[in-house]
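# Results of the structural survey
Take a look at the letters that make up each chain.
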Amino acid sequence: MSTYDPSALCALVVDDNHYHRGITTDILRTIGVGRVVQAATGPEGWDQVIIAKPDCIFVDFLSGQFDGLDFIWRVRKTEESPNRAVSVFMLTARGARMD
């Protein structure tokens with residue numbers, strides 16, 4: 001059985017909560033992701049999409065200035081996006097429908 005080496009990957013974590021952002025970053029580093037870039041807001045995240053050109057993005061569903069869906073729309077639909085097919089993982093700390 002072959003194993004996958006994630007050490008060449010760059011991941012972007014976009015979350016307005018520094019604690020959740022840190023947990024996600026720690027998990028990614030623990031599994032061996034070579035480079036993890038963080039952003040606290042959608043605009044910061046967009047800047048990192050342009051600068052870091054991540055292989056995968058982990059974004060909070062509700063993240064301050066504009067939500068995760070707005071962020072993903074921008075990644076997928078704008079001409080400035082370096083990789084409109086980048087893998088995106090939507091995160092949330094909400095545990096119930098009423099949260």
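Everything in this summary refers to the structure shown in the same document. (Residues numbered from 1 in each chain as written. Predicted model: local features only at pLDDT ≥ 70, side-chain atom pairs only at ≥ 80, totals over all residues. Heavy atoms only, no water.)

### Remarks on the sheet that holds strand E1 (residues 10-14)
- Pairing within the open sheet is parallel, and its 4 strands lie in the order E2-E1-E3-E4. Every other strand in the sheet has two partners, leaving strand E2 (35-39) and strand E4 (87-91) as the edge strands with one partner each. Strand-to-strand twist of the sheet, defined as the mean angle between neighbouring strand axes without regard to direction, takes the value 20°.
- Relative to E2, E1 runs parallel, the two being bridged by 5 bridges. Each residue of the ladder has a partner; that of Cys 10, found in E2, is Arg 35.
- Packed onto the sheet, helix H1 (residues 18-30) meets E1, E2, strand E3 (56-60) and E4 and runs at close to 170° relative to E2. (Pairing = 2+ DSSP bridges. Helix = DSSP H or I, 4+ residues; strand = E, 2+ residues; numbered from the N terminus. Axes fitted to C-alpha atoms, helices over the stretch in contact; angles between N-to-C directions. Contact = heavy atoms within 4.5 Å.)

### Quick word on the pattern of salt bridges
- Applying the stated rule across the entire model yields 1 salt bridge.
- Notably, a salt bridge pairs Arg 84 with Glu 79, separated by 3.8 Å at the nearest N-O pair. (Salt bridge = Lys/Arg side-chain N within 4 Å of Asp/Glu carboxyl O.)

### A word on helix H3 (residues 68-77)
- Taken residue by residue, H3 has Gly 68, Phe 71, Ile 72 and Val 75 as its buried positions. On an axial view of H3, the arc spanned by its buried residues comes to 95°, and they lie on one face. Every exposed residue of H3 that faces more than 90 degrees away from the buried side is listed here: Trp 73 and Lys 77.
- Buried residues belonging to H3 abut E1, helix H2 (42-52), E3 and E4.
- Between the side-chain oxygen at the start of H3 and the backbone nitrogen of Leu 69 there is a gap of 3.0 Å, and the oxygen is on Asp 67. (Buried < 20%, exposed > 50% of the residue type's maximum accessible area, 1.4 Å probe, protein only. Arc of directions from axis to C-beta. Polar contact = N/O pair within 3.5 Å; in protein donor to acceptor, adjacent residues only side chain to side chain.)

### Here we look at H2
- Those residues of H2 that sit buried are Gly 42, Gly 45, Trp 46, Gln 48, Val 49 and Ala 52. In a view along the axis of H2, the buried residues occupy a sector of 160°, so they form one face of it.
- Elements that come into contact with the buried residues of H2 comprise E1, E2, E3 and H3.
- One or two positions beyond H2, positive phi appears at Lys 53, with a value near 50°.

### Quick look at the nonpolar core
- Counting residues in each nonpolar core, the largest one holds 15 residues, and the members touching the most others are Leu 12, Val 14, Val 49, Ile 57, Val 59, Phe 71 and Val 75.
- Put simply, the parts of the chain that give this core at least two residues each are E1, E2, H2, E3 and H3.
- The residues touching Leu 12, leaving out its near neighbours within four places in the chain, are Val 37, Gln 38, Ala 39, Gly 45, Gln 48, Val 49, Pro 54, Cys 56, Ile 57, Phe 58 and Phe 71.
- Membership of the second largest hydrophobic core comes to 7 residues, among which are Ala 11, Val 13, Cys 56 and Phe 58. (Core = buried A, V, L, I, M, F, W, Y, C linked by side-chain atoms within 4.5 Å.)

### Points about the environment of Arg 84
- Structurally, the position occupied by Arg 84 is in the loop between H3 and E4.
- Judged by its relative accessible area of 37%, Arg 84 falls in the partly exposed class.
- Along the primary structure Arg 84 and Arg 74 are separated by 10 residues, whereas in three dimensions their C-alpha atoms are 8.9 Å apart.
- Sequence-distant contacts of Arg 84, that is, excluding residues within four places in its chain, are made with Val 75, Arg 76, Lys 77, Thr 78 and Glu 79.

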